[in-house]
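Architecture and fold: a report
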Amino acid sequence: MTGAYSDAVRERCREPRRAGAWPDGDRGVATGSAGSLEAGAWTRLQVRVGADGRVVDTRFKVFGCSAAIASASYVADALIGATLAEAKAVAAGDVAAALDLPDGKHAMAALATEAARAAAEAWAAGVPGAALAGEPGPGIKEVVTS
Amino acid sequence: VLLQHGLGDVTVNGSLTARLPHNLHVSFAGVDGEALMTCLADEVAVASGSACTSGSREPSHVMTALGRGAVATWGAVRFGLGRGTTADEIDRAAACVIGHVARLRTMSPVAAGARA
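Residues numbered from 1 in each chain as written. Chains lettered and ligands numbered in written order. Predicted model: local features only at pLDDT ≥ 70, side-chain atom pairs only at ≥ 80, totals over all residues. Heavy atoms only, no water.

1. Looking at the pairing of strand E2 (residues 23-28) of chain B
Residues and elements named next belong to chain B.
- Summarising the sheet, strand E1 (residues 10-12) and E2 pair through three bridges and their orientation is antiparallel. Looking at the pairing, Val10 lines up with Phe28 of E2.
- Here E2 pairs with strand E4 (residues 76-80) via five bridges, running antiparallel. The residue of E4 that forms the bridge with Val26 is Val77. (Pairing = 2+ DSSP bridges. Helix = DSSP H or I, 4+ residues; strand = E, 2+ residues; numbered from the N terminus.)

2. Some points on the interface of chain B and chain A
- Listed as interface residues are 29 residues of chain B and, on the opposing side, 26 residues of chain A.
- Together, Thr38(B), Met107(B) and Pro109(B) form the three largest contributors to the area buried by chain B at its contact with chain A, with a combined 28%.
- Linking chain B with chain A are two salt bridges, by the criterion used here.
- Linking chain B with chain A are ten residue pairs in polar contact (both at pLDDT 80 or more), by the criterion used here. (Contact = heavy atoms within 4.5 Å. Buried area = accessible area lost by both parts, 1.4 Å probe. Salt bridge = Lys/Arg side-chain N within 4 Å of Asp/Glu carboxyl O. Polar contact = N/O pair within 3.5 Å; in protein donor to acceptor, adjacent residues only side chain to side chain.)

3. Digging into the pattern of salt bridges
- Using the criterion set out here, one finds twelve salt bridges over all chains in the structure.
- In this structure, the salt-bridge partner of Arg14(A) is Glu43(B), at a minimum N-O distance of 3.6 Å. Pair noted here: Arg14(A) is in helix H1 (residues 7-14) and Glu43(B) is in the loop between helix H2 (33-40) and strand E3 (47-48), and the two residues belong to different chains.
- The exposure class of Glu43(B) is partly exposed, given its relative accessible area of 46%.
- When the shortest N-O distance is used, the salt bridge between Glu34(B) and Lys105(A) registers 3.4 Å. Of this pair, Glu34(B) sits in helix H2 while Lys105(A) sits in the loop between helix H4 (92-99) and helix H5 (106-126), each in a different chain.
- Each of Glu11(A), Arg12(A), Arg17(A), Arg18(A), Asp57(A), Arg59(A) and Asp77(A) takes part in salt bridges that share partners, so that together they form one network. (Buried < 20%, exposed > 50% of the residue type's maximum accessible area, 1.4 Å probe, protein only.)

4. A short note on the packing of aromatic side chains
- A full pass over the atoms with the stated rule returns zero aromatic pairs over all chains.
- Across the ring face of Trp22(A), the terminal group of Arg48(A) is positioned such that the distance to the ring centre comes to 4.4 Å. (Phe/Tyr/Trp six-rings, centres within 6.5 Å; stacked < 30°, edge-to-face > 60°. Lys NZ or Arg CZ within 6 Å of the ring centre and 35° of its normal.)

5. Let's talk about H2(B)
- Burial analysis of H2(B) places eight of its eight residues in the buried class, which makes it a mostly covered element.
- Of the residues making up H2(B), those classed as buried are Gly33(B), Glu34(B), Ala35(B), Leu36(B), Met37(B), Thr38(B), Cys39(B) and Leu40(B).

6. A closer look at the confidence of the model for chain B
Residue and element names in this part refer to chain B.
- For chain B, per-residue confidence averages 76 on the pLDDT scale, and 72% of positions sit at 70 or higher.
- Across residues 50-56, confidence stays below pLDDT 50; counting only partners more than four residues off in sequence or on other chains, it has 17 contacts.
- Ignoring residues within four places in sequence, the model shows residues 112-116, a span with pLDDT below 50, making ten contacts including any to other chains.
- Both scores are available for the predicted complex, with the pTM at 0.82 and the ipTM at 0.76. (pLDDT = per-residue confidence, 0-100.)

7. Details of the packing of H4(A) against H5(A)
Residue and element names in this part refer to chain A.
- Following both chains from N to C, one finds H4 and H5 inclined at 125°, their axes separated by 8 Å at the closest point. Put simply, H4 runs oblique to H5. Note on packing geometry: the crossing formed by H4 with H5 is right-handed. Between H4, through Ala92, Val95 and Ala96, and H5, the contact on the second element is made entirely by His106, Ala109, Ala110 and Thr113.
- Within the contact of H4 with H5, the residues separate by chemical class into five nonpolar, two polar and no charged. (Axes fitted to C-alpha atoms, helices over the stretch in contact; angles between N-to-C directions. Parallel < 35°, antiparallel > 145°, perpendicular 65-115°, else oblique. Left-handed = near helix turned anticlockwise from the far one by under 90°. Nonpolar A, V, L, I, M, F, W, Y, C, P; charged D, E, K, R; others polar.)

8. Points about the side chain of Lys61(A)
- Here Lys61(A) is to be found in strand E3 (residues 55-63).
- Within the local environment of Lys61(A), its side chain forms a polar contact with the backbone oxygen of Thr106(B), the two atoms lying 3.2 Å apart.
- Excluding residues that lie within four positions of it along the chain, Lys61(A) makes contacts with Gly20(A), Ala21(A), Trp42(A), Thr43(A), Arg44(A), Thr106(B), Met107(B), Ser108(B) and Pro109(B).

9. Section: the pairing of strand E1 (residues 29-36) of chain A
- Burial within E1(A) is extensive, with six of its eight residues counted as buried.
- The antiparallel pairing of E1(A) with strand E2 (residues 41-49) of chain A creates a hairpin that spans four residues between the two strands, and Gly40(A) there sits at a positive phi of about 95°.

Shown next as structure tokens:
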């Protein structure tokens, strides 16, 4: 399988950008996840929202194959500067095309975009504007999709 | 021994004595074997039994028969020695594997001590 991957996938697998996690309760952070460990692929994306209502930083955790890692890293990069609507609209097809994923691996791009959408839903539902402006608030909220 | 000492949470799959002497099949907890194979591609040739073609791959029936959980199954990698493989090459391969597994584990949701 490795030989079928593009340089973009191999590079992100070896040197993933934005890997890591912020602690639960971190103010201004919304979290979304998708997939399951038992099924062999799971992705979690966290977005930190700025006072202007745009994503200022992201982190991801992932368990899965090279395509899952590359997709999570790519989406974490793509979300920088995104509005809520833009975060919800990241398309799996665009991710798969950018990474030149093999046909059988497009599900891994979909996993990353599902996690992004879940994070956006958590952002919409639970990250208050007051917290985004620097006031205390509940901060983190997580939406999990199957 | 090098891998276990350098990483922890490394499991040899199958018997330590009743096996082919040139074959090592191990699971690195919290890491996907196929992803590790991609990272190692330019340095060490290994095989992974966990290549997936969709979001719902099936665990190896052999690993399942050995009583290993799904997450351990995804982390399995097979190393093979050739007639010309040297001790120095094994040491270099182990160092390379340790580095990549440690980095991949920083991305993993499977916490240290909870790996299976």
